[in-house]
Amino acid sequence: MPSVGAYTRPVPPSAAELKARKAAETLDRLLSDGDLLLRLQLSGYADKEWEPIATELGLVVVPQRRHGHGDLPASRCNSRLET
């Protein structure tokens, strides 16, 4: 029996546990994407639903505090941001 206050090192997860976690995360993301798509379609891509997604995808002008690039020219909206 360990003494009071003894430190025990955490056991790292096994390869099977890591694989199961990754599979669960992937499934969760796919289900969330499906929910998001349905919500967008049902709203007719209304601004309230669409604007936060468009901002995250870089389809609108990105504020400087978010990526540090300031107002991006329209030509950069379809390009990849280097962070």
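What counts, and where the lines are drawn
Residues numbered from 1 in each chain as written. Predicted model: local features only at pLDDT ≥ 70, side-chain atom pairs only at ≥ 80, totals over all residues. Heavy atoms only, no water. Helix = DSSP H or I, 4+ residues; strand = E, 2+ residues; numbered from the N terminus. Buried < 20%, exposed > 50% of the residue type's maximum accessible area, 1.4 Å probe, protein only. Areas by Shrake-Rupley, 256 points an atom, 1.4 Å probe, with all protein chains shown as cover. pLDDT = per-residue confidence, 0-100. Phe/Tyr/Trp six-rings, centres within 6.5 Å; stacked < 30°, edge-to-face > 60°. Axes fitted to C-alpha atoms, helices over the stretch in contact; angles between N-to-C directions. Parallel < 35°, antiparallel > 145°, perpendicular 65-115°, else oblique. Left-handed = near helix turned anticlockwise from the far one by under 90°. Contact = heavy atoms within 4.5 Å. Nonpolar A, V, L, I, M, F, W, Y, C, P; charged D, E, K, R; others polar.

## As for the overall build of the chain
Check the secondary structure of the chain and you find three helices and zero strands. Reading the chain from its N end, one meets helices and strands in the order α-α-α. Going through the 83 residues of the chain one by one, you find that 10% of them count as buried. As displayed, the chain offers around 7400 Å² of accessible surface, 57% of which is attributable to carbon and sulfur atoms.

## Details of the confidence of the model for the chain
Considering every residue of the chain, the mean pLDDT works out to 77; 65% of them sit at 70 or more. Confidence, expressed as mean pLDDT per element, reaches its minimum in the chain at helix α3 (residues 64–67) with 51 and its maximum at helix α1 (residues 15–43) with 93.

## Quick look at the packing of aromatic side chains
If you walk through the whole model with that rule in mind, you get one aromatic pair. Between the aromatic rings of Tyr-45 and Trp-50, the centroid separation amounts to 5.9 Å while the plane-to-plane angle is 65°, which identifies the pairing as edge-to-face. What makes Tyr-45 partly exposed here is its relative accessible area of 39%. Given the relative accessible area of 28%, Trp-50 is considered partly exposed.

## Considerations on the packing of α1 against helix α2 (residues 47–57)
Running from N to C, α1 and α2 cross one another at 135°; their axes reach a closest spacing of 9 Å. Viewed along their axes, α1 and α2 adopt a mutual orientation that is oblique. Crossing handedness for the pair α1 and α2: left-handed. Residues Leu-36, Arg-39, Leu-40 and Ser-43 of α1 lie in contact with α2, whose contacting residues are Glu-49, Trp-50 and Ile-53. Its residues placed into classes, the contact of α1 with α2 shows four nonpolar, one polar and two charged.

## Brief notes about unusual backbone geometry
A positive phi is found at Tyr-45, a non-glycine position, where the angle reads about 55°. Among the structural elements, Tyr-45 can be located in the loop between α1 and α2.

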